[in-house]
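The chain contents come next:
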Amino acid sequence: MDNFIILIQSIITALLALFVLFSRSVLNSTLFFLSVLVSTAALYLLLNETLLASIQIIVYAGAIVILFIFTIMLLNIKSDLEKNLFSSPVFFIGSITSLLAFYMLATSVRAHYHSPNHLPLASSSKGIFSEQVILTQGGNSKAIAIELFSHYFILFELISIILLVAMVSAIVLAKRNIKQ
Amino acid sequence: MEKFYYLQILSAFLFCIGFLIIIVRKNIILQLIGIELMLNASNISFVSFSKQNLFLVGQVATLLTITIAAAETAIGLSILILLYRNFGSIQNEQAQILKDTKGY
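Just so we're clear, the structure is a prediction, and the values are computed from it rather than from any experiment. (Residues numbered from 1 in each chain as written. Chains lettered and ligands numbered in written order. Predicted model: local features only at pLDDT ≥ 70, side-chain atom pairs only at ≥ 80, totals over all residues. Heavy atoms only, no water.)

**Concerning helix 2 (residues 26-46) of chain A**
Then, number 1: Over its 21 residues, helix 2 of chain A extends 30 Å from the first C-alpha to the last, a length consistent with the 30 Å expected when each residue adds 1.5 Å.
Then, number 2: Of all the residues in helix 2 of chain A, the buried ones are A:Val26, A:Ser29, A:Thr30, A:Phe33, A:Val36, A:Leu37, A:Ser39, A:Thr40, A:Ala41, A:Leu43 and A:Tyr44.
Then, number 3: Against the buried residues of helix 2 of chain A lie helix 1 (2-22) and helix 3 (50-75) of chain A together with helix 1 (2-24), helix 2 (28-52) and helix 3 (57-87) of chain B.
Then, number 4: In this structure A:Ser25 caps helix 2 of chain A, since a side-chain oxygen of it lies 3.2 Å from the backbone nitrogen of A:Leu27.
Then, number 5: The positive-phi residue at the C-terminal boundary of helix 2 of chain A is A:Asn48, with phi of around 65 degrees. (Helix = DSSP H or I, 4+ residues; strand = E, 2+ residues; numbered from the N terminus. Expected span 1.5 Å × (residues − 1). Buried < 20%, exposed > 50% of the residue type's maximum accessible area, 1.4 Å probe, protein only. Contact = heavy atoms within 4.5 Å. Polar contact = N/O pair within 3.5 Å; in protein donor to acceptor, adjacent residues only side chain to side chain.)

Okay, here's the thing in structure tokens:
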């Protein structure tokens, strides 16, 4: 039953991603992108990742998509000038290339999961974070927080420095005028 | 076990759709959306492998990737506003002048 729900949700997410590609207006594409992100958050919820689902909705859907929509409204883009976009040779060659890439990725994933001589990962080399262990640690958020602030705290500090640099450089870039 | 298989296939599909968006659409906003879609696909793959093998590394990496995506979007959109101010358009074919070749 769990597998079936995840299959249905994956198909919905893939269809929404196709709508992002094929819709004419930029604002429609952005809203379909928002729905892709929300259904990805639903996938995380189906995997019992509550912290990741909420952060996905807050940061991606709350901050990034709002930034995109704000830029679209600021620049006042009325229509995009791509009339015969999906009959051009660029679309033909690009779709063949990405179908080929998808075929290669899918066959390698299929060989990993369904090959007859595929050996599953030995239980000794697996991690320790089963559902019971996470429950005894006090839930999903607490387990991730302990892992993040004990083993990966240098990465955490680096990420905060990257955010600071990004903020400063975005302000500097937006204030500058090239012609001077 | 089957659900992780579906999630890996979905991740590969989303990655290829993001790639196709970057190639086909000429609008820079949509190309940034394609990059975000590829990052999202890699997040799904991280979380799926990590849940399958009982680690927490994938979840931590996904948190950091979401932060990187937010920083990258802020810088990309400010570059885009700069492009629009200087070229009057956000089609990437319009931006073909380097700084020193303007007078020639």
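That shown, we press on.
**Some thoughts on the interface of chain B and chain A**
Then, number 1: If you look at the interface, chain B gives 68 residues, while chain A gives 85 residues.
Then, number 2: Buried area between chain B and chain A, both sides added, is near 7200 Å², and the carbon and sulfur share of it is 77%.
Then, number 3: Linking chain B to chain A there are three salt bridges.
Then, number 4: Its salt-bridge partner being A:Asp2, residue B:Lys3 comes within 3.0 Å of it at the nearest N-O pair. (Buried area = accessible area lost by both parts, 1.4 Å probe. Salt bridge = Lys/Arg side-chain N within 4 Å of Asp/Glu carboxyl O.)

**Describing the packing of aromatic side chains**
Then, number 1: In this structure the tally under the stated criterion is nine aromatic pairs over all chains.
Then, number 2: With a centroid separation of 5.1 Å and 20 degrees between ring planes, the pair formed by A:Phe19 and A:Phe32 is classed as stacked. Residue A:Phe19 is found in helix 1, and its partner A:Phe32 is found in helix 2; the two are separated by 13 residues along the sequence.
Then, number 3: An angle of 45 degrees between the planes, with centres 6.1 Å apart, marks the rings of B:Tyr5 and B:Tyr6 as tilted.
Then, number 4: Take B:Tyr6: its relative accessible area is 22%, and that puts it in the partly exposed class.
Then, number 5: Chaining the aromatic ring pairs together yields one cluster made of A:Phe22, A:Phe86 and A:Phe91. (Phe/Tyr/Trp six-rings, centres within 6.5 Å; stacked < 30°, edge-to-face > 60°.)

**Considerations on the environment of A:Leu7**
Residue and element names in this part refer to chain A.
Then, number 1: As for its position among the elements, Leu7 is in helix 1.
Then, number 2: Given the relative accessible area of 26%, Leu7 is considered partly exposed.
Then, number 3: For the pair formed by Leu7 and Leu43, sequence separation is 36 residues and the distance between their alpha carbons is 9.8 Å.

**With respect to the pattern of salt bridges**
Then, number 1: A full pass over the atoms with the stated rule returns three salt bridges over all chains.
Then, number 2: The partner of B:Lys51 in a salt bridge is A:Glu49, and the shortest N-O contact between them spans 3.4 Å. With B:Lys51 in helix 2 and A:Glu49 in the loop between helix 2 and helix 3, this residue pair bridges two chains. We note that B:Lys51, like A:Glu49, is buried.
Then, number 3: What you see here is one network of salt bridges that share partners, running through A:Glu49, A:Glu131 and B:Lys51.

**Quick look at the domain arrangement of chain A**
Then, number 1: Split into domains, chain A comes out as domain 1 (1-77), domain 2 (86-115) and domain 3 (128-180).
Then, number 2: Using only C-alpha atoms to locate each centre, domain 1 of chain A and domain 2 of chain A end up separated by 22 Å. (Domains from an automatic or database assignment.)

**Re the nonpolar core**
Then, number 1: Counting residues in hydrophobic clusters, the biggest one holds 61 residues, and the most contacted among them are A:Phe33, A:Phe68, B:Leu7, B:Leu10, B:Ile29, B:Ile33 and B:Leu37.
Then, number 2: The set of elements that each furnish at least two residues to this core consists of helix 1, helix 2, helix 3, helix 4 (89-114) and helix 6 (140-150) of chain A together with helix 1, helix 2 and helix 3 of chain B.
Then, number 3: Element by element, the count of residues in this core is highest for helix 3 of chain A, at ten residues.
Then, number 4: Beyond its immediate chain neighbours, meaning those up to four positions away, A:Phe33 contacts A:Val20, A:Val65, A:Phe68, B:Ile33, B:Glu36 and B:Leu37. (Core = buried A, V, L, I, M, F, W, Y, C linked by side-chain atoms within 4.5 Å.)

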